[in-house]
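# Coordinate inspection notes
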Amino acid sequence: MSDTAQAAQDDRAKKYKKTLNLPKTAFPMKANLVQNEPASQKRWKKASLYLAAQEARPEANRFVFHDGPPYANGNIHLGHLLNKCLKDFVVRTKLMEGRRCPFIPGWDCHGLPIEHRVMQELSESGKLEKIASLDDDNRRMAVRRECQKYASKHVKQHVTQMERLLTLADYDHPYLTMQPAYEGAVLEVFAGLVEKGLVYRQLKAVHWSVDNETALADAELEYYDREDISVYVDFVAQDGEAVYRAFGLDPEDDDTPAQSPCFMIWTTTPWTLPANLAICVNEKFTYALVRVDGNITVLAEALVEKVTKAGKSESVEVLATTTGDKLLNLRYRHAFIPEGPDFSTQPDAAMRGADPSGIYRVLAADYVTLEDGTGLVHTAPGHGADDYMTGLKNKLPIYCPVTENGTYDTSVPEFLQGMKVWDANEEITELLRTDGALFYDHRFMHSYPHDWRGKTPVIFRATEQWFIEVDNKDLSLRDKAFEATDPTNSDSVKFVPEWGRNRMRGMLETRPDWCISRQRAWGLPIPAFYTPEGETLLNEQTVKAIATRFREVGSDAWFTEDAPTLLQHWTNPDNVDLTSLKKGMDIFDVWFESGSSWNAVMRERSEGADYPVDLYLEGSDQHRGWFQLSMLPALGVTGRPPFKTLLTHGFCVDKEGKKMSKSVGNTLEVDMLIEKFGADVCRWWVASVNYENDIKTDLAFFETSGESYRKIRNTIRFMLSNLSDFTASSPGCDDGMCVAPESMPPASLEAWVLSAFDEMSKKVRTAYETYQFNKATTLLYNFCNDTLSATYLGAVKDRLYCDAPDSERRRRTQTALWDLTDGLARLLAPIMPHTADEAFRTLRNVDAKDPAHCVHLSTFIDTMGAKAHDAWPAVIKVRDTWLRALEDVRAKGDIENPLDAGLVVPDPEGLLSGFDAADLADLCSVSRFRVDPGASAVVVEELSGEPRCERSWKRDGTVSQRADGGMLSDRDAQAVGVV
RNA sequence: GGGCCUGUAGCUCAGCUGGUUAGAGCGCACCCCUGAUAAGGGUGAGGUCACAGGUUCGAAUCCUGUCAGGCCCA
């Protein structure tokens, strides 16, 4: 071609390009989420989206979802991100299905972590001393005021962070466990349990600060080294012959010694020996009957050498061995309390369910080890955690002869009465030495728990606590819980995933009675009063009266008001002298508060209509936590579980599958992720994970999600960019440029793509319905990439760009694009609320500030309405073979550009009759497509010898020189209006 | 130590009640397009299904054990 001819052709190319309908849109390729999401938030807030979205759906069609309260502390972390996004997917998918789905967010505000933190801050600021000098009520109030401030501050911070995740909830009316109405409702649950007889008082061994005369939680302990006495003590068997028989020796035999054998125990707290009620062995261990310097005693075989060496024994002879189980129930005599303690002075709570005749026996315990001691463990149920459990199991009294101030009461031998336990260590050791019961003693340093405030050593001491009975004979909560979760029961609780059922039932099996009392300031008081005679006043009526009072003025009243004022709503039928009553100082376990949320939130706000709740959704740690501790009180009060379905998710771990922790340094900060990727990308990540198991987390995964997001965004952008000259019809009218999908030819590309959308949409909605969000993301992603980007959008580019703007074919395509964009925006709305709304609004040309039109007020589309040709799936499938043939030719280098090629395909089954050759050509991006009934294989025609349309670059066989001198196909000539 | 759960290509995951050459996506390599362009499309390589036993005609799939990891207990 000559230079002048080339120049003329270039001119025409420029001229023709101007006649094309090229893509144009205000929807930017770059999302700029970090900057633009807050604008969406502001717009939604202005439009009161939460309320508007609820009101847009019928009241009658509700899905009831209940938020478990996170602890009002610190920044939100990855666990919150996961949990809150999953919950938001539920809320938003239900709304998009046209159901009303109220979501009231909540916070757990009471409890030790906050109180602990506040005490630290008070200590650092020097205010603690001043507070310590106040009386009980005022001191507690001072602490409570600080705690309340702290909790409120963190709730506000959480709300800001959670809203930034673009979650939709009633953040203007959250529930807080410290709100007066909530507190009242918790007490009403408690009253219900009291009425059913499920609440009782019993002793329980807890850490006790002798110095401050208060119980301590684990978090209030600090470990320091301390010197103590370690003693090895022989307790003489009551029936020596039985012991010999247990070791397989015949007492009648002359070789069998005549003297009584002993059981040797070891302890580092000799002061607990007066409270000894049992000796524990491990059933599986081997025990030896040993003659040590003439004395005969029982020791774990593995420890004989170690112990006798320590005691510097001169002669050691093992007479026989046996296993621990043979020793069970053998009796012994206490080293210095031969008749046993005088239990008559002990409180009823110590003797509840106990059988005092069973003391001084050998019992089994699997916590007995061979690391220290003798393999026989001194057991004092009133003075040790393990000992306490063993005591309960074996019906021993929870005997605690030590008073609040760390001195012995009158139930012990006279020489100890009134003595401080720390002094008793020496006294008891000396007594044992004198009596010959002491095998060996020595002083040693060890790490020992101390009161974090006074830095003084603490003791284990049984104190009166409140319990909820799980194993009551007539109406056992455990039985009810098993029934409610029984898989064979048709209205049983549903578990997602199903294995949660086993896990929860396993945990129910072993759960002991629930100790609900704590000795702290920051919590809901247990409304118990005590008469001067030491009687407890707490019944259904008094608890309800206090509940009413708390609803009026909040639980601070317990510390600021006297008994008559607090009980003003009580009828006092027996004329109790209210002025003489003393208030109890126990507060509830925070789990009891959050475990009552089904009443305080769901029943309260719906007047009972929302009970039981459709769904609880939390981490799998809540099988033992909130799930179980909500179910037990609910079963007790209402007889049914508070939820119909329990959904659990796993925990975020690092990319190696290891637990994330600040000290290891493998954590990711949510604020940073939001700043770096934006909420929509983070939400896409959450939606795409398999949350049933551990969730591996790494910055790289968020980057991958960002890539997926961009792919989807670009697909939407391309569709929007081809709608710049298109006006959709208003709903129900044909005032726009739409071509009714019902009228689209079944063999058209549009009928196919719209029905493909319907199929995908149905699957996505099912996935949403079953909480399989990762399945939904896969379906949506693949639809955008395969169906749209790689197939449909590639095929229709030519007609969008080159057809006359208002040709029927182009308008039909644009109708499909509009519907697809609209439908996709709605399906994506639950996962990426900002981007979906951006697309939805761009599609409708809504001004950025105009709050009208919001995808979140719309619903999913049931069907696009197009009817596709039955052969379409087969055509799409056989297209792969055509493309492969094309690729083979291209790989050989014969043809580079597919537009230089034509396809001739066989069609033995007549699949393609009724299909448009131009459509099929576009579907393969080739210039020409022909069916040859006689062909045996796909043939690729090389067309580069034929004239090429200067406008559409196609060689479709109709290209010829036109009046303006350009080479144009018929279609393009018509589009530009030349002949 | 106990209960529940997990371990499949370099990475994230599908693989239903056991049945032909184990599937996606990402990443990677190569190629095309340059009228979606800090975009778009195509092709390809990659796995003794944690390890060791067992049941079976046949196991990624069922059973037992070991190792590694998670949650909850002790």
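Relevant structure appears above.
Residues numbered from 1 in each chain as written. Chains lettered and ligands numbered in written order. Predicted model: local features only at pLDDT ≥ 70, side-chain atom pairs only at ≥ 80, totals over all residues. Heavy atoms only, no water.

Attention now goes to the overall build of chain A. Secondary structure summary: chain A contains 31 helices and 31 strands in total. A compact globule built from 979 residues should have a C-alpha radius of gyration of about 30 Å, whereas chain A, at 40 Å, is more than 25% larger. Along the three orthogonal principal directions, the C-alpha set of chain A runs to about 130 × 70 × 55 Å. Per-residue burial over chain A gives 56% buried out of 979 residues. (Helix = DSSP H or I, 4+ residues; strand = E, 2+ residues; numbered from the N terminus. Rg over C-alpha atoms; globule rule 2.2 N^0.38 Å. Buried < 20%, exposed > 50% of the residue type's maximum accessible area, 1.4 Å probe, protein only.)

In the region of RNA strand B, 38 residues are neighbours, and Arg503, Arg624, Gly657, Asn690 and Tyr801 sit closest. When atoms of RNA strand B within 4 Å of the protein are sorted by moiety, sugar and phosphate together comprise 74%. Contact distances for RNA strand B include 3.1 Å between a phosphate oxygen and a side-chain N or O atom of lysine 797. Elements with a contribution of two residues or more to the surface near RNA strand B: α15 (499-510), α24 (699-721), α26 (773-802) and α29 (872-892). No other element matches the 7 residues that α26 contributes to the surface near RNA strand B. Each residue belonging to the surface near RNA strand B can be placed in one class, and the counts come to 14 nonpolar, 9 polar and 15 charged. (Near = heavy atom within 4 Å. Polar contact = N/O pair within 3.5 Å; in protein donor to acceptor, adjacent residues only side chain to side chain. Nonpolar A, V, L, I, M, F, W, Y, C, P; charged D, E, K, R; others polar.)

Moving on: the sheet that holds strand β24 (residues 643-649). The strand order across the open sheet formed by 4 strands is β1-β23-β24-β16, and the pairing between neighbours is parallel. This sheet does not close on itself; its edge strands, each paired only once, are β1 (65-66) and β16 (494-496). The pairing of β16 with β24 spans 3 bridges and is parallel. Bridging across to β24, lysine 494 finds its partner in threonine 645. (Pairing = 2+ DSSP bridges.)

With that out of the way, let us pick up empty space enclosed by the protein. This structure, assessed with the given rule, holds 3 cavities of 30 Å³ or more. Size it by volume and the largest cavity reaches roughly 50 Å³. Forming the boundary of the largest cavity are Arg43, Trp44, Ala47, Leu49, Asp837, Arg841, Pro851, His853, Cys854 and Leu857. Where the lining of the largest cavity is concerned, the elements lending two or more residues are α2 (33-46) and α28 (833-843). When its residues are assigned to classes, the lining of the largest cavity shows 6 nonpolar, 1 polar and 3 charged. (1 Å grid on protein atoms, 1.4 Å probe; cavity = no way out; pocket = protein on both sides within 12 Å on 5 of 7 lines; lining within 4 Å. Points joined across faces, edges and corners; volume = space filled by probe spheres on them.)

The tendency in soluble globular proteins is for nonpolar side chains to be buried side by side. Residues Leu81, Tyr792 and Leu824 are the most contacted members of the largest nonpolar core, which totals 148 residues. Tallying contributions element by element places α26 first for this core, with 13 residues. Among the nonpolar cores identified, the runner-up in size contains 81 residues, and Trp271, Leu330, Ala437 and Ile459 belong to it. (Core = buried A, V, L, I, M, F, W, Y, C linked by side-chain atoms within 4.5 Å.)

Moving on, we get to helix α25 (residues 749-769). Since one α-helical turn is 3.6 residues long, residues separated by three or four positions face the same way. For α25, with 21 residues, the first-to-last C-alpha span of 30 Å sits near the 30 Å given by 1.5 Å per residue. Counting buried residues along α25, 15 of its 21 residues qualify, which places the element largely inside the surrounding structure. (Expected span 1.5 Å × (residues − 1).)

Before going further, it helps to examine the pattern of salt bridges. According to the stated counting rule, one finds 67 salt bridges in the structure shown. Glutamate 838 is the salt-bridge partner of arginine 713, the closest N and O atoms lying 2.9 Å from each other. Placement of the pair is arginine 713 in helix α24 and glutamate 838 in helix α28, with a sequence separation of 125 residues. The exposure class of arginine 713 is buried, given its relative accessible area of 1%. The exposure class assigned to glutamate 838 is buried, which follows from its relative accessible area of 16%. The shortest N-O distance in the salt bridge between glutamate 941 and arginine 930 comes to 3.2 Å. Within this pair, whereas glutamate 941 is found in strand β29 (residues 939-942), its partner arginine 930 is found in strand β28 (residues 928-931), the two being separated by 11 residues in sequence. The exposure class of glutamate 941 is partly exposed, given its relative accessible area of 22%. Take arginine 930: its relative accessible area is 44%, and that puts it in the partly exposed class. Beyond isolated ion pairs, a larger network of salt bridges with shared partners links Asp798, Arg799, Asp803, Arg809, Asp919, Asp922, Arg951, Lys954, Arg971 and Asp972. (Salt bridge = Lys/Arg side-chain N within 4 Å of Asp/Glu carboxyl O.)

The contact between α24 and α26 brings their axes to 10 Å, and the two run at 30 degrees. Between α24 and α26, the angle is such that the two are roughly parallel. In this structure, α24 meets α26 at a crossing whose hand is left-handed. Contact residues: Ser708, Lys711, Ile712, Thr715, Phe718 and Met719 in α24; Tyr781, Cys784, Asn785, Leu788, Ser789, Leu793, Lys797 and Tyr801 in α26. Each residue belonging to the contact of α24 with α26 can be placed in one class, and the counts come to 8 nonpolar, 4 polar and 2 charged. (Axes fitted to C-alpha atoms, helices over the stretch in contact; angles between N-to-C directions. Parallel < 35°, antiparallel > 145°, perpendicular 65-115°, else oblique. Left-handed = near helix turned anticlockwise from the far one by under 90°. Contact = heavy atoms within 4.5 Å.)

Just geometry here; none of it tells us what the structure is for.
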